[in-house]
Amino acid sequence: MARKTMTMSSLQKTPFLFSSRFALAVASFFGFVVLYILRFNVSVALVCMVNNTAVRENAEKHQEDVSKSSEKYGQCPVQSDTSGSPDETGAFVWEKSIQGLIFSSFFWGYLITELPGGWLATRFGGKRVYGFGLLLASVLTMLSPVAARFSYKALIAVRVGQGLGQGVVFPAMHAFWGSWAPPLERSKLVAFTILGTQIGDIIVFPLSGLICSYLGWGPIFYITGAFGLVWFIGWQFFAYDTPASHPRISEEEREYIEKSLVGEIKKTAAVPWKGVVTSIPVWCIIAAHFGNGWGFYTLVINLPTFMRDILRFDIKSVNNKVQNFI
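Quick caveat: nothing in here was measured; it's all calculated off a predicted structure.

About the criteria used
- Residues numbered from 1 in each chain as written.
- Predicted model: local features only at pLDDT ≥ 70, side-chain atom pairs only at ≥ 80, totals over all residues.
- Heavy atoms only, no water.
- Helix = DSSP H or I, 4+ residues; strand = E, 2+ residues; numbered from the N terminus.
- Contact = heavy atoms within 4.5 Å.
- Buried < 20%, exposed > 50% of the residue type's maximum accessible area, 1.4 Å probe, protein only.
- 1 Å grid on protein atoms, 1.4 Å probe; cavity = no way out; pocket = protein on both sides within 12 Å on 5 of 7 lines; lining within 4 Å.
- Points joined across faces, edges and corners; volume = space filled by probe spheres on them.
- Nonpolar A, V, L, I, M, F, W, Y, C, P; charged D, E, K, R; others polar.
- Phe/Tyr/Trp six-rings, centres within 6.5 Å; stacked < 30°, edge-to-face > 60°.

This part covers the side chain of Gln162. Position of Gln162 among the secondary structure elements: in helix α7 (residues 152–167). Those residues in contact with Gln162 that sit more than four places away from it in its chain are Phe106, Ala137, Leu140, Thr141 and Ser144.

With that settled, the discussion passes to unusual backbone geometry. Backbone geometry at Phe18 places phi at a positive 65°, although glycine is not the residue there. Note that Phe18 resides in the loop between α1 (8–12) and α2 (20–49).

What follows concerns the environment of Phe227. Considering the arrangement of structural elements, one finds Phe227 in helix α10 (residues 218–238). Since its relative accessible area comes to 34%, Phe227 is described here as partly exposed. Along the chain, Phe227 and Ser138 lie 89 residues apart, while their C-alpha atoms are 7.8 Å from each other. Beyond its immediate stretch of four places on either side in the chain, Phe227 contacts Val34, Ile37 and Leu207.

Before going further, it helps to examine empty space enclosed by the protein. If a probe as big as a water molecule is rolled over the atoms, it shows which places are left empty. Under the counting rule described, the total for this entry stands at one cavity of 30 Å³ or more. In this structure, the largest cavity spans a volume of roughly 30 Å³. In this structure, the largest cavity is lined by Arg39, Phe40, Val42, Ser43, Phe106, Phe107, Arg159 and Ile301. Every element with two or more residues in the lining of the largest cavity is listed here: α2 and α4 (96–114). In terms of residues, the lining of the largest cavity owes the most to one element, α2, which gives four residues. Residues belonging to the lining of the largest cavity are distributed by class as follows: five nonpolar, one polar and two charged.

Let's shift gears to the packing of aromatic side chains. Applying the stated rule across the entire model yields 25 aromatic pairs. Their ring planes at 75° and their centres at 5.9 Å tell us that Phe176 and Trp177 sit as a pair that is edge-to-face. A relative accessible area of 2% places Phe176 in the buried class. The exposure class of Trp177 is buried, given its relative accessible area of 2%. What links up through ring pairs into an aromatic cluster is the set Phe32, Tyr130, Phe170, Phe176, Trp177, Trp231 and Trp235.

See below:
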C-alpha cells in the first residue's frame with residue numbers, strides 16, 4: 001500500500017508531547033544536567049580535600065613581614081552560623097598554585113576536543129560522540145579519588161581526560177539536533193537541552209556540600225560519576241542519530257521531521273573561512289561569549305574556596321550561599 005502523503009498543514013499539527021523527539025529532548029536535558037554536575041563538583045570537593053590550615057602555615061614561612069592574624073590575610077571573622085571549626089579540612093597539603101592547576105587542567109582537554117567535536121559527531125554520529133564523551137567524563141570522575149591519593153599530578157591528568165570527554169558534548173548536541181529538530185521547533189529543543197546546564201549548577205553545590213559533610217569528599221566523585229553511568233544507559237535506549245534509524249518512532253513523526261528538513265541538511269560544503277575570520281559580527285559574538293565564559297567560570301569555580309578561606313563559612317554554608325548566588 002502506498003505511503004500516505006502528508007500536507008504541510010498536517011505536518012505542523014504533528015504532536016510534540018511524548019513524541020520521540022520529546023523523549024530525546026528530555027534525555028539530552030538530563031545529559032547536560034550531568035555534564036555540569038561533573039564539571040563543577042571539584043569546586044566543592046577541593047574545599048573538603050585540602051588542609052587549608054597547613055597550606056596557610058606553609059605560606060606564613062615565606063612571608064616574613066606578614067602577621068599571622070586573619071585580618072592581615074583579608075579574612076573575615078568566623079561566621080556565627082557555622083557548626084564546626086573553619087579549619088576542619090582534608091588531608092592534602094596542596095598550595096594555591098597546585099589548586100589552580102587542578103581547576104584549570106580540565107579546560108586544557110576541553111580546548112582540544114571542542115573544535116573537532118562537531119566533525120566527530122558528523123562522522124561517527126551524535127549519539128556516539130555525545131554519549132561516549134559524557135561516559136568518559138563519568139568514569140574518570142569516579143577515578144578521581146584514586147588519582148588524588150596517588151598524586152596531584154595524576155589528578156591533573158584525570159582532569160585533562162574529563163575535559164577531553166566533555167569538550168565534544170556541545171558540538172555533538174548541535175550536530176545531533178541538526179538531524180532531529182524541525183525548523184519551527186529548533187530553538188525550543190536546543191534551549192530546553194541547554195537549560196540542563198543551569199539545573200546542574202543548582203544541584204551540584206548543595207549536593208556536594210551535603211555529601212562532603214556527611215560522607216566525605218570521595219563520595220562526591222563516586223556519586224556524581226554514577227549519575228553519568230545511569231544517564232548513559234538511558235541515552236543508549238532513547239537516542240538515535242536520525243529519525244529513520246529510530247525503531248520506535250511513528251511514521252507520522254518521522255515524515256514530519258524528514259519533510260520539514262528538506263533542503264536543511266546538506267552534504268559537505270566549503271567553509272568560507274575568509275568571510276568568517278573577517279566578519280565583525282562573528283568577532284563580536286566571540287568577544288561576548290569569551291567575556292561571559294571568563295566571568296562565569298571564574299566565579300563558579302573559585303566561589304566555594306573564596307567563601308571557605310576568606311569569608312570563613314563552613315562547607316554547608318558555602319554551598320547554600322553559592323546556590324543562592326547562581
